[in-house]
Amino acid sequence: MKKLIALVAAALAAPAFAATTWDIDASHSATSFAVKHLVISTVRGQFDKTSGTIQYDEANPARSTVEATVDAASIDTRDPKRDEHLKSADFFDVAKYPTLSFKSTGVASAGKDKLEVKGDLTLHGVTRPVKLEVTTTPPVKGMYGETRRGFSASTIIHRKDFGLTWNKAVEAGPVVGDDVAITLDIEGVERKPQTAAR
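Residues numbered from 1 in each chain as written. Predicted model: local features only at pLDDT ≥ 70, side-chain atom pairs only at ≥ 80, totals over all residues. Heavy atoms only, no water.

### Section: unusual backbone geometry
So, step 1. Phi at arginine 78 takes a positive value of approximately 70°, unusual for a residue other than glycine.
So, step 2. Relative to the helices and strands, arginine 78 resides in the loop between strand S6 (75-76) and helix H2 (80-87).
So, step 3. Phi at aspartate 93 takes a positive value of approximately 50°, unusual for a residue other than glycine.
So, step 4. On the basis of relative accessibility, which here comes to 16%, the residue aspartate 93 falls in the buried class. (Helix = DSSP H or I, 4+ residues; strand = E, 2+ residues; numbered from the N terminus. Buried < 20%, exposed > 50% of the residue type's maximum accessible area, 1.4 Å probe, protein only.)

Here it is in structure tokens:
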């Protein structure tokens, strides 16, 4: 009887949140985007600095959370002149809005190694709900014994919903398309729990 009581007590004392914390490895992660140019082509670019954490409970994805921050000034479209324009008040206005951020409000399983993550995206000072389609990879060991895991997320936003309204009309149509496809390629490093000092 005493043994049974001890087992029940241990179960009740166990943490209800069994998620693993993954810190985003900025040097192996990027947030990229694609948008139509003059209707006929697609311009692609990325933000080189993405940071944040993912709390992932594989057994119960609903208990998972995601927080990510992107340095708006780290934008790179392989054209310095265009990058400066994108950093200006016509677009991201990085002097006033230095970061983009995402904070999840709900996570659900969408099949094997797939998740549907709903959350709030803050861009250009505007916060709106978005939905990310996420694919995960199994954990692997890194070069130094650390555990790493990949997360790939994608969504499409309408830039005008976030106050990004600059455009020009030419014969072919608008210079910049309204729909922007966003992809986050994330490599997470498992955070080891801190041991209490003796």
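### Section: the nonpolar core
Across soluble globular proteins, nonpolar side chains have a tendency to be buried as a group.
So, step 1. Ranked by internal contacts, the top residues of the largest apolar core, which has 37 residues, are Phe47, Ile54, Phe92, Leu100, Val117, Leu123 and Ile157.
So, step 2. Sort the elements by how many residues they give to this core and strand S14 (residues 176-190) lands first, with 5 residues.
So, step 3. When near neighbours in sequence (up to four residues on either side) are disregarded, phenylalanine 47 contacts Ala30, Thr31, Phe33, Val70, Asp71, Ala72, Ser74, Ile75, Phe92 and Leu100. (Core = buried A, V, L, I, M, F, W, Y, C linked by side-chain atoms within 4.5 Å. Contact = heavy atoms within 4.5 Å.)

### Some words on the pairing of strand S7 (residues 99-109)
So, step 1. Pairing geometry for strand S5 (residues 65-71) and S7, over 5 bridges, is antiparallel. For glutamate 67, the partnering residue across the bridge sits in S7 and is lysine 103.
So, step 2. Pairing of S7 with strand S8 (residues 114-123), which is carried by 8 bridges, proceeds in the antiparallel orientation. Its bridge partner being in S8, alanine 108 is matched across the sheet by glutamate 116.
So, step 3. Turn length for the S7-S8 hairpin, with the two strands adjacent in sequence and antiparallel, is 4 residues, and the turn residue glycine 111 shows positive phi of about 120°. (Pairing = 2+ DSSP bridges.)

### Some words on empty space enclosed by the protein
So, step 1. The final tally for this structure, using the stated rule, is 1 cavity of 30 Å³ or more.
So, step 2. Put simply, the largest cavity is a space of about 210 Å³.
So, step 3. Taken together, 17 residues make up the lining of the largest cavity; nearest its centre are Ile54, Val66, Val134, Phe151 and Ala153.
So, step 4. Only strand S4 (50-56), S5, S7, S8, strand S9 (126-136), strand S11 (147-158) and S14 provide two or more residues apiece to the lining of the largest cavity. (1 Å grid on protein atoms, 1.4 Å probe; cavity = no way out; pocket = protein on both sides within 12 Å on 5 of 7 lines; lining within 4 Å. Points joined across faces, edges and corners; volume = space filled by probe spheres on them.)

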